[in-house]
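# Coordinate inspection notes
Take a look at the letters that make up each chain.
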Amino acid sequence: MSSLLENRSPALISLIGLGVFYLLAILTKWAITARQQRAFAAKNGCKSTPWYPHKDPILGIDLFLKNLKLSQEGGFLEGVSARYDLISRRAGKPVYTFKQLLLGEPVILTCEPENVKAVLATKFKDFDLPPRRKTALGPIFGHGIFTTDGGEWEASRALLRPNFTRSQVGDIDIFEAHISKLIERIPKDGKTVDLQPLFFLLTLDSATEFLFGQSTDTLSEKEDDMSSPGVRFSDAFNYVTFKGGLEARVGKLAVLMPDKKYKEDVKFVHEYVGGYVDRALDLHKESLKHENIEEGAADKYIFLEELAKTGYPAKKIQDELLNILLAGRDTTASLLGFVFYYLARRPDVVEKLRAEVLQLGSGQPSFEDLKGMKYLQGCLNEGEPACPVTLLIQNTDCLALRLWPIVPANGRIAVRDTFLPLGGGADGKSPVFVKKGQSVLYQPYVMQRRKDLYGADANEFRPERWETLRPSWQYLPFNGGPRICIGQQFALIEASYAVVRILQTFKAIEKRDNSVLTEYLTLTACPRSGVKVGMTPA
């Protein structure tokens, strides 16, 4: 050994010495961290939790390939649910928290309400958004309320929250013109129509009018007319959110291939929204020079014009608009899709719901009308004698939100060593250690179908269960904790208004599709096969 060293230059020997020292330092740091983590876990009574039985126990490529296939073909959510069932059968008891590999990264999956509560609320400061989500969505949505943490997120929320006050979201006039155009596009002769794409056009048109002061007006255009900027924007937004959602769920490896359409669509989305932002900022600057220049119609609230007054740069305003547009368009359209999917299969529900709706007459309902509507006997009752129809969808056994939550899976990453309250040990009642940098993925889709929480018929649509049910953290239609959706009232009002207006116009909904209901996943979930129905005019 000494002879070998004698034949080497001093520089090489120094380099080898530095390498050995660096390796020893890494190993020492790892050993100290591991000891600290073991001490932390022991102090808090943490115990081990089951592992998914991977065929590839090193990287988990088996699960990656399965997730990729199901994300593209449908059935991803049932695939996740099946993993819980498999591990429960192997354990001989219900398992609601387990570990799996995500491209070599050990992650924790849970559908335990107390664990979800810890991640989103009681241990909120222990968790941030996963880097994978930020990497996937950053090129589309920039630095906005759905892609940031800490002080930057707090600033975004403070900036946006005042724009969702009762006086703003309660202005339902904004919905009327757009829902009227949707109703015009529904055949009155009973011919089959797919409502799902119409709902996405509806919510895009109304959301852009609320946000930009000018609607994309896609419901007035042909669906495939790419010469229309609004239709082109809708198509581009659909594609980029699909690709972003795929990467966020499955990993970067799923989108490694060059994608010219993705790049072009991201560019178009930014240019389209950026044009509105630039005009609003220019108008605001002019209004400061000439106080008599109006920035918009005096009686019309415009989200973008309010943001233009804040002094934030154009890029920040654009990012926030895209974040809110995602929430305002995709969630409501998906919700309406699932609602009408169920209504087409439950004529008894339609009949009872129309009886309630027709008490308003045939005219345009006001916000107060909607707020004053009561539950339908045995169908819409959640245990209170009355309920605003702004919560109509939510309380009709969610007509969608319980069985098909709009954001069916989500996750966070630990920013410090912490623990989940349940899931460890032989009985699953002990805490589970979560080390710094480890991801925790939670699935409302699985949690909201648990039979121990919702009864033996948890997978069935039964509104009557809400007569006695008082859900808390086992029901997350709009997330929870400090990051609970600030636009939930806007979404529920728009969805409720659409339901009322459609049922004022049509008395029966007939299903025209017998396919098995599976999800189409972008950043939200909607019926993969669409909502193909025949409508009977009133």
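Residues numbered from 1 in each chain as written. Predicted model: local features only at pLDDT ≥ 70, side-chain atom pairs only at ≥ 80, totals over all residues. Heavy atoms only, no water.

## Digging into the overall build of the protein
Within the protein, the secondary structure is distributed over 20 helices and 12 strands. For the protein, buried positions account for 54% of its 538 residues. A separation threshold of at least 6 residues defines the contact pool for the protein, and within that pool the share at least 24 residues apart is 74%. By element, 56% of the accessible surface of the protein is carried by carbon and sulfur atoms, the whole surface being about 24,100 Å². (Helix = DSSP H or I, 4+ residues; strand = E, 2+ residues; numbered from the N terminus. Buried < 20%, exposed > 50% of the residue type's maximum accessible area, 1.4 Å probe, protein only. Contact = heavy atoms within 4.5 Å. Areas by Shrake-Rupley, 256 points an atom, 1.4 Å probe, with all protein chains shown as cover.)

## Describing the environment of Glu105
Mapped onto the elements of the fold, Glu105 is located in strand E2 (residues 105–110). By relative accessible area, which is 25% here, Glu105 ends up partly exposed. For the pair Glu105 and Gln438, spaced 333 residues apart in sequence, the C-alpha to C-alpha distance is 8.0 Å. Setting aside residues no more than four positions away along its own chain, Glu105 makes contact with Gln100, Arg132, Gly437 and Ser439.

## Concerning the pairing of strand E6 (residues 418–424)
Across the 7 residues of E6, 6 count as buried, placing the element largely inside the fold. Where E6 meets strand E7 (residues 430–434), 4 bridges bridge the pair, whose relative direction is antiparallel. Its bridge partner lying in E7, Gly424 is registered against Ser430. Counted between consecutive antiparallel strands, the loop separating E6 from E7 contains 5 residues, among which Gly425 sits at a positive phi close to 80 degrees. (Pairing = 2+ DSSP bridges.)

## Here's the deal with the side chain of His178
Locating His178 in the fold gives a position in helix H9 (residues 173–184). Given the relative accessible area of 3%, His178 is considered buried. Those residues in contact with His178, other than ones at most four positions away along the chain, are Leu202, Asp205, Ser206, Glu209, Ser215 and Leu219.

## Brief notes about the nonpolar core
Ranked by internal contacts, the top residues of the largest apolar core, which has 134 residues, are Phe303, Leu321 and Phe340. When residues of this core are assigned to their parent elements, the largest contribution, 15 residues, is made by helix H14 (residues 314–343). Once residues within four sequence positions are removed from consideration, Leu321 is found in contact with Leu211, Phe212, Val273, Val277, Phe303, Leu304 and Leu307. Listed in part, the 6 residues of the second largest apolar core include Leu68, Leu246, Ala254 and Val255. (Core = buried A, V, L, I, M, F, W, Y, C linked by side-chain atoms within 4.5 Å.)

## Some thoughts on the side chain of Asn323
Within the secondary structure layout, Asn323 lies in helix H14. For Asn323, a relative accessible area of 0% corresponds to the buried category. A polar contact is formed between the side chain of Asn323 and the backbone nitrogen of Phe146, at a distance of 2.9 Å. Not counting chain neighbours up to four residues away, the residues in contact with Asn323 comprise Phe141, Gly144, Ile145, Phe146 and Thr147. (Polar contact = N/O pair within 3.5 Å; in protein donor to acceptor, adjacent residues only side chain to side chain.)

## Looking at unusual backbone geometry
With a phi angle near 50 degrees, Leu103 is a residue other than glycine that sits in the positive phi range. Along the chain, Leu103 turns up in the loop between strand E1 (97–102) and E2. Its identity is not glycine, yet Asp217 carries a phi of approximately 55 degrees, on the positive side. You can see Asp217 is positioned in the loop between helix H10 (195–212) and helix H11 (229–250). Given the relative accessible area of 23%, Asp217 is considered partly exposed.

## Looking at the pairing of strand E5 (residues 410–414)
Taken across its 5 residues, E5 has 5 buried, putting it largely inside the fold. Burial along E5 is two-sided: Asn410, Arg412 and Ala414 and Gly411 and Ile413, pointing in opposite directions, are all buried. One ladder, built from 2 bridges, connects strand E3 (residues 127–128) with E5; its direction is antiparallel. Bridge pairing in E5 links Phe127 to Ala414.

## Things to note about the pattern of salt bridges
Within the structure shown, the criterion is met by 22 salt bridges. With a shortest N-O distance of 4.0 Å, Asp194 and Lys532 are connected by a salt bridge. Highlighted residues: Asp194 in strand E4 (residues 193–194) and Lys532 in strand E12 (residues 532–537), separated in sequence by 338 residues. Owing to a relative accessible area of 25%, Asp194 belongs among the partly exposed residues under this scheme. Notably, a salt bridge pairs Glu306 with Lys309, separated by 3.3 Å at the nearest N-O pair. Given a relative accessible area of 29%, Glu306 falls into the partly exposed group. Note on Lys309: relative accessible area 43%, which makes it partly exposed. Through salt bridges that share partners, Arg232, Asp235, Lys261 and Asp265 make up one connected network. (Salt bridge = Lys/Arg side-chain N within 4 Å of Asp/Glu carboxyl O.)

## Some thoughts on the sheet that holds strand E9 (residues 506–511)
Taken in spatial order, the 3 strands of this open sheet run E4-E12-E9, and their pairing is antiparallel. Each edge of the open sheet is held by one strand with a lone partner, namely E4 and E9. The sheet contact formed by E9 and E12 spans 5 bridges and is antiparallel. Residue pairing in the sheet places Phe506 in a bridge with Pro537 of E12.

## Remarks on the sheet that holds E2
Pairing in this open sheet of 5 strands is mixed, and the strands run E1-E2-E8-E5-E3 from one edge to the other. In this open sheet, the two edge strands, each paired with only one partner strand, are E1 and E3.

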